[in-house]
Amino acid sequence: MARTPNAERTPRDGAARGPGDGDNRNRRDNRGGGDNRGQNKNNDERDDEFVDKLVHINRVAKVVKGGKRFAFAALVVVGDNKGRVGFGTGKAREVPEAIRKATESAKRGLIKVPLREGRTLHHDVFGHFGAGRVVLRTAPAGTGIIAGGPMRAIFETMGIQDVVAKCIGTTNPHNMIKATFEALKYMQSPRQVATRRSKKVGDIVSRREASTAQVIDGTEAAALSE
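Not measured: the values here are computed from a predicted model.

Caption draft 1: Region of the structure containing the packing of aromatic side chains. Enumeration according to the criterion identifies one aromatic pair in this entry. With centroids separated by 4.9 Å and ring planes inclined at 55°, the aromatic side chains of F87 and F181 adopt a geometry described as tilted. Of this pair, F87 sits in strand β3 (residues 84–92) while F181 sits in helix α5 (residues 173–185), and the two are 94 residues apart along the sequence. Residue F87 is classed as partly exposed on the basis of its relative accessible area of 26%.

Here is the structure:
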């Protein structure tokens, strides 16, 4: 039986389109446009300002029927050299994937630490977590970073140039990192203290300088008496 052509059907080429066909085609043409490329560029620039350091990586072996199955756990510290710093952990079957997960976790948990003159801490502080205890002390210019292991990675990524730190107790890198961050959370600048006490920044700074001078005078007097 012969098939009769449908008179209502319009040919594909040169056919008349409805009022909404042009809008649909424009929507199809705009899919995946330059907006996403701009967002990716901004994300890349945001990632470039951070510096990450691998502190510790641990290999874990699980015995299964066919042999051993290895997994890796990474501990990473991330900072912007301007006072912001964070740490994170990641687990995966491969080392690069574990480091990537730890870096993303560290960027989600950044904290802002006020710095004195952009190079050292404002005051001495003590931190404690689990069996780890750390002591962080401010230092004059030219001292450098006197710290070991995981604490040095934190200070380098945070942008500190002069500091003296000591770990007391355990040397577990996870406890040392967490104890250091607990200490940094208590760091306060003179502006923050003045705002909390409803005073001027000059009153706080002058009192601190006077107490420092008294301590130096007492030390010199004790040395002369000996």
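Caption draft 2: Up close: the pairing of strand β5 (residues 125–129). Sheet topology places β5 next to strand β6 (residues 132–138); five bridges connect them, and they run antiparallel. Across the sheet, the residue bridging to V125 is L136, located in β6. In this antiparallel pair of consecutive strands, β5 and β6, the connection spans two residues, and G130 shows a positive phi of 60°.

Caption draft 3: Layout of the packing of helix α4 (residues 150–158) against α5. Running from N to C, α4 and α5 point in directions that differ by 45°, and their axes come no closer than 9 Å. Viewed along their axes, α4 and α5 adopt a mutual orientation that is oblique. Seen from above, α4 lies across α5 with right-handed handedness. On the side of α4, the interface is formed by P150, M151, I154 and M158, while α5 contributes P173, M176, I177, T180, F181 and L184.

Caption draft 4: Fine view of the pattern of salt bridges. With the rule as written, the count across this model stands at 10 salt bridges. One salt bridge connects E49 with R84, and the closest N-O pair in it is separated by 3.6 Å. A residue pair is termed long-range when its members are at least 10 positions apart, and E49 in the loop between α2 (34–48) and β1 (51–64) and R84 in strand β3 qualify at 35 residues. Residue class for R84 comes out partly exposed when judged on its relative accessible area of 28%. The partner of R119 in a salt bridge is D162, with the nearest N and O atoms 3.2 Å apart. Taken together, the residues R119 in the loop between β4 (111–112) and β5 and D162 in the loop between α4 and β8 (163–169) connect sequence positions 43 residues apart. Owing to a relative accessible area of 15%, R119 belongs among the buried residues under this scheme.

Caption draft 5: Spotlight on the sheet that holds β3. A sheet is described by the order of its strands in space; here four strands give the open sequence β1-β2-β3-β4, paired in antiparallel fashion. In this open sheet, the two strands that pair with only one neighbour each are β1 and β4. Here eight bridges tie strand β2 (residues 67–79) to β3, and the two strands are oriented antiparallel to one another. By the bridge assignment, G79 is partnered in β3 with V85. Here helix α3 (residues 95–108) sits on the sheet in contact with β1, β2 and β3, set at roughly 145° to β3. Each of β1, β2 and β3 touches α4; the most contacted strand, β1, lies at about 140° to it.

Caption draft 6: Layout of the nonpolar core. Core analysis: the biggest nonpolar cluster contains 27 residues, and V85, V113, L136, M151, I154, F155 and L184 have the highest contact counts within it. Listed by contribution, the elements that provide at least two residues to this core are β2, β6, α4, β8 and α5. Ranked by residues supplied to this core, first place goes to α5 with six residues. F50, V76, A92 and A106 belong to the second-largest nonpolar core, a separate cluster that totals eight residues.

Caption draft 7: Representation of α4. The buried count for α4 comes to seven of nine residues, which makes it a mostly enclosed element. Among all positions of α4, only P150, M151, A153, I154, F155, T157 and M158 are buried. G159 sits one or two residues past α4 and shows a positive phi near 100°.

Definitions and limits used
- Residues numbered from 1 in each chain as written.
- Predicted model: local features only at pLDDT ≥ 70, side-chain atom pairs only at ≥ 80, totals over all residues.
- Heavy atoms only, no water.
- Phe/Tyr/Trp six-rings, centres within 6.5 Å; stacked < 30°, edge-to-face > 60°.
- Helix = DSSP H or I, 4+ residues; strand = E, 2+ residues; numbered from the N terminus.
- Buried < 20%, exposed > 50% of the residue type's maximum accessible area, 1.4 Å probe, protein only.
- Pairing = 2+ DSSP bridges.
- Axes fitted to C-alpha atoms, helices over the stretch in contact; angles between N-to-C directions.
- Parallel < 35°, antiparallel > 145°, perpendicular 65-115°, else oblique.
- Left-handed = near helix turned anticlockwise from the far one by under 90°.
- Contact = heavy atoms within 4.5 Å.
- Salt bridge = Lys/Arg side-chain N within 4 Å of Asp/Glu carboxyl O.
- Core = buried A, V, L, I, M, F, W, Y, C linked by side-chain atoms within 4.5 Å.

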